[in-house]
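Commentary on secondary and tertiary structure
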Amino acid sequence: MFELRRLRLLHEFALRGTIAEVAHSLAYSPSTVSQQLALLEREAGVALLEPDGRRIRLTAEGRVLAAHAARALELDEQARQELSQAPAEAVRISAMPTAAETIVPAALTAVAASHPHLRVEMTEAPPEEGLFELTARRFDLVIAEQYPGHTRERHAGNLHELIGEDPIRLVLPPGEDAVSLPLLRDRAWVMEPIGSAARQWAVQQCRAAGFEPDVRFEAADLTAHVRLIESGHAVGMLPDLIWGDAPAQVTLSELPGSPVREVFTAVRESARASEAIGAVRGALADAFRPHQRHARSR
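We now turn to the structure provided with this report. All figures in this text were calculated on a predicted structure; none of them were measured in a lab. (Residues numbered from 1 in each chain as written. Predicted model: local features only at pLDDT ≥ 70, side-chain atom pairs only at ≥ 80, totals over all residues. Heavy atoms only, no water.)

Remarks on the overall build of the protein
Within the protein, the regular secondary structure consists of 10 helices and 11 strands. Overall, the protein is about 70 × 50 × 30 Å in size when its C-alpha atoms are taken along their principal axes. The burial tally for the protein puts 45% of its 298 residues in the buried class. The long-range fraction of contacts in the protein, counting pairs at least 24 apart against all pairs at least 6 apart in sequence, stands at 75%. In the form shown here, the protein has an accessible surface area of approximately 15000 Å², with 51% of it arising from carbon and sulfur atoms. Side-chain charges of the protein comprise 32 positive and 41 negative groups, with the mean position of each set lying 2 Å from the other. (Helix = DSSP H or I, 4+ residues; strand = E, 2+ residues; numbered from the N terminus. Buried < 20%, exposed > 50% of the residue type's maximum accessible area, 1.4 Å probe, protein only. Contact = heavy atoms within 4.5 Å. Areas by Shrake-Rupley, 256 points an atom, 1.4 Å probe, with all protein chains shown as cover. Lys, Arg positive; Asp, Glu negative; His and termini not counted. Charge placed at Lys NZ, Arg CZ, Asp CG, Glu CD.)

Here's what the structure looks like:
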């Protein structure tokens, strides 16, 4: 009989690839992780790990057992929900920065009123990290986005549900006239770092307009984009959610085709029936609706 805690370690190793990463994720020491995996090998009666240069990797048998471990963890989660009469003690959410700053506070207020004993914990994280850690069970719910033509990776066992659309517009310094994208070919741009979906999408918009953008500034924090644009040092493309309930103190101009990014939540399929997670997810969707109305009127 396999111990579920050790199967969890094997599942984590399959996701993260190193003992050190597993230890860091679960707040164990690397030696503890190694010892527990060695015990799991003894229980299995076959080698689960093998040398790979200076590292180790799963054997073929290790990959088979890791797949079964993932299913065992899902069944454990489903069984706990079906057997428990008490609500979940906590819902752990990962929120992209614009959601953490705008819709999460309102959602927390609503959850506090409807489920006063429910503890909600939030970590601000980029969508890529949040969606990966959802699979690893660090989070129970993720608020993420995807840009037009850039669908987020679908991790096995995770369900995505759209909560709304967030328009993306050209943003120019205060006092400037709204202009079309081709007229900004000679301007300095601020964009998100290379490799992000937002950066790839924004560069493609410029190329479709006939020029390669002069990306002079890079920042993952969209507030930094706003400050650089407000001070006249750059132009950019930003989603409306960045302004929250306050009017934008910059010039907004429409992009070709009036593009929107999709804002969605993701949960593990094994947790979809959780009343607590459903309450938090519903509160986030409700909190996002007013911003959609504001976005259309900007």
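Quick word on empty space enclosed by the protein
Following the criterion strictly, the structure yields three cavities of 30 Å³ or more and no others. As for the largest cavity, its lining consists of 14 residues, and the residues nearest its centre are Tyr147, Glu192, Ala198, Ala202 and Met237. Elements supplying a minimum of two residues to the lining of the largest cavity: strand S7 (188-191), helix H8 (197-208), helix H9 (222-230) and strand S9 (236-239). With four residues, H8 is the single largest residue contributor to the lining of the largest cavity. Its residues assigned to classes, the lining of the largest cavity comprises 11 nonpolar, one polar and two charged. (1 Å grid on protein atoms, 1.4 Å probe; cavity = no way out; pocket = protein on both sides within 12 Å on 5 of 7 lines; lining within 4 Å. Points joined across faces, edges and corners; volume = space filled by probe spheres on them. Nonpolar A, V, L, I, M, F, W, Y, C, P; charged D, E, K, R; others polar.)

A look at the packing of aromatic side chains
The tally for this structure, following the rule as stated, stands at two aromatic pairs. Judged by centre distance (5.6 Å) and plane angle (45°), the rings of Tyr147 and Trp201 are tilted. Placement of Tyr147 in the loop between strand S5 (141-146) and strand S6 (158-172) and of Trp201 in helix H8 is noted, with a sequence separation of 54 residues between them. What makes Tyr147 buried here is its relative accessible area of 5%. (Phe/Tyr/Trp six-rings, centres within 6.5 Å; stacked < 30°, edge-to-face > 60°.)

Description of helix H6 (residues 103-114)
Taking 1.5 Å as the rise per residue, H6 with 12 residues should run 16 Å; its terminal C-alpha atoms sit 17 Å apart, in good agreement. The complete set of buried residues in H6 reads Ile103, Val104, Ala107 and Val111. Down the axis, H6 shows its buried residues gathered within 85° of arc, on one side only. What points out from H6, more than 90 degrees from its buried face, is the exposed set Thr109 and Ala113. (Expected span 1.5 Å × (residues − 1). Arc of directions from axis to C-beta.)

With respect to the layout of surface pockets
To find the voids left in a structure, one rolls a probe of water-molecule size over its atoms. When its volume is computed, the second largest pocket comes out at roughly 340 Å³. In terms of lining residues, the second largest pocket is bounded by 21 residues, among which Pro97, Pro126, Pro127, Glu192 and Ala220 are the most central. Listed by contribution, the elements that provide at least two residues to the lining of the second largest pocket are helix H5 (97-101), helix H7 (127-135) and H8. Per-element tally for the lining of the second largest pocket: the top contributor is H5, with three residues.

Side note on unusual backbone geometry
Although it is not a glycine, Ala27 sits at a positive phi angle of roughly 60°. The residue Ala27 is located in the loop between helix H2 (19-26) and helix H3 (30-44) in this model. Notably, Ser258 is not glycine yet its phi reads approximately 45°, a positive angle. Summarising the element assignment, Ser258 is placed in the loop between strand S10 (251-253) and strand S11 (260-268).

Regarding the packing of helix H1 (residues 4-16) against H2
Put simply, H1 and H2 touch, their axes get as near as 9 Å, and they point 120° apart. It follows from the interaxial angle that H1 and H2 lie oblique. Viewed along their axes, H1 and H2 form a crossing whose handedness is right-handed. Touching Arg8, Leu9, Glu12, Phe13 and Arg16 of H1 are Ile19, Glu21, Val22, Ser25 and Leu26, all from H2. In terms of residue class, the contact of H1 with H2 is made up of five nonpolar, one polar and four charged. (Axes fitted to C-alpha atoms, helices over the stretch in contact; angles between N-to-C directions. Parallel < 35°, antiparallel > 145°, perpendicular 65-115°, else oblique. Left-handed = near helix turned anticlockwise from the far one by under 90°.)

Some words on H2
Within the sequence span of H2, burial applies to Ile19, Val22, Ala23 and Leu26. One side of H2 holds all its buried residues, which, seen down the axis, span an arc of 100°. Exposed residues on H2 whose side chains face more than 90 degrees from its buried face are Ala20 and His24. Taken together, the buried residues of H2 touch H1, H3 and strand S2 (55-58). Looking one or two places after H2, you find Ala27, whose phi comes out positive at around 60°.

Observations regarding the pairing of S6
Looking along a regular strand, one sees side chains alternate from face to face of the sheet. The element S6 is extensively covered by neighbouring structure, given that 11 of its 15 residues are classed as buried. Here S6 runs beside S11; their pairing, made up of nine bridges, is antiparallel. Residue pairing across strands places Asn158 opposite Arg268, the latter belonging to S11. Bridge count for S6 against S9 is four bridges, and the pairing is antiparallel. Note that in S9 the partner of Arg169 across the bridge is Leu238. (Pairing = 2+ DSSP bridges.)

Distances and angles like these do not, on their own, reveal function.
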